[in-house]
Amino acid sequence: MTAYQANFPRMQTASGVNGASGDTAIIAPPGAGLQICILSMSVQNNSGTNTLCILKETASGTPVEYIATGAFGSGKIANYTDETPKCLSYNQGLTMNLSAASSHVYTIDYIVKR
């Protein structure tokens, strides 16, 4: 990471569909001395199954966000740019845990900072 990138980090986006029950890594750990800060997120249930979705740190398992999703289209949209971004611990990735095998679409906008 250059000095410019450290002072002005580039926003990145992780998006996809997760349908697996249990833990699924959605953002890899950034490396020693680096930290993921979530700017905004959207998670939507595309199945007929009520599901608890937990976004958490990959290695420590520390919860970042709890999302109880009902069937077909429910979920959560959050924008943290007006507040303090949700920053994970250093060198932690982001994992999605689903209480049941049910299709969830997600988009996470984040930066990586020192």
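As a reminder, the structure under discussion sits directly above these lines.
No experiment lies behind these values; they were computed from the predicted model shown.

Looking now at the overall build of the protein. Each helix and strand in the protein was counted, giving one helix and nine strands. Taken from N to C terminus, the helices and strands of the protein fall in the order α-β-β-β-β-β-β-β-β-β. Computed over its C-alpha atoms, the radius of gyration of the protein comes to 14 Å, within 12% of the 13 Å expected for a compact globule of 114 residues. A principal-axis box enclosing the C-alpha atoms of the protein has dimensions of 45 × 25 × 20 Å. When the 114 residues of the protein are sorted by exposure, 39% land in the buried category. If you take every contact in the protein between residues at least 6 apart in sequence, the share linking residues at least 24 apart comes to 82%. Carbon together with sulfur atoms contributes 51% to the accessible area of the protein, which is approximately 5800 Å² in total.

Soluble, globular proteins show a tendency: their nonpolar side chains are buried together. Ile26, Ile27, Met41, Leu55, Leu94, Met96 and Ile108 are the most contacted members of the largest nonpolar core, which has 22 residues in total. Broken down by secondary-structure element, the contributors of at least two residues to this core are strand E2 (22-27), strand E3 (35-45), strand E4 (51-57), strand E5 (63-69), strand E8 (94-98) and strand E9 (104-113). In contact with isoleucine 26, not counting residues within four places along its chain, are Ala14, Leu55, Leu94, Thr95, Met96, Tyr106 and Ile108.

On to the side chain of asparagine 18. By the secondary structure assignment, asparagine 18 is in strand E1 (residues 12-18). For asparagine 18, a relative accessible area of 4% puts it in the buried group. A distance of 3.1 Å separates a polar side-chain atom of asparagine 18 from the backbone nitrogen of alanine 20. With sequence-adjacent residues up to four places away left out, asparagine 18 is seen in contact with Thr24, Met96, Leu98, Ser102, Ser103, His104 and Tyr106.

Analysis parameters
Residues numbered from 1 in each chain as written. Predicted model: local features only at pLDDT ≥ 70, side-chain atom pairs only at ≥ 80, totals over all residues. Heavy atoms only, no water. Helix = DSSP H or I, 4+ residues; strand = E, 2+ residues; numbered from the N terminus. Rg over C-alpha atoms; globule rule 2.2 N^0.38 Å. Buried < 20%, exposed > 50% of the residue type's maximum accessible area, 1.4 Å probe, protein only. Contact = heavy atoms within 4.5 Å. Areas by Shrake-Rupley, 256 points an atom, 1.4 Å probe, with all protein chains shown as cover. Core = buried A, V, L, I, M, F, W, Y, C linked by side-chain atoms within 4.5 Å. Polar contact = N/O pair within 3.5 Å; in protein donor to acceptor, adjacent residues only side chain to side chain.

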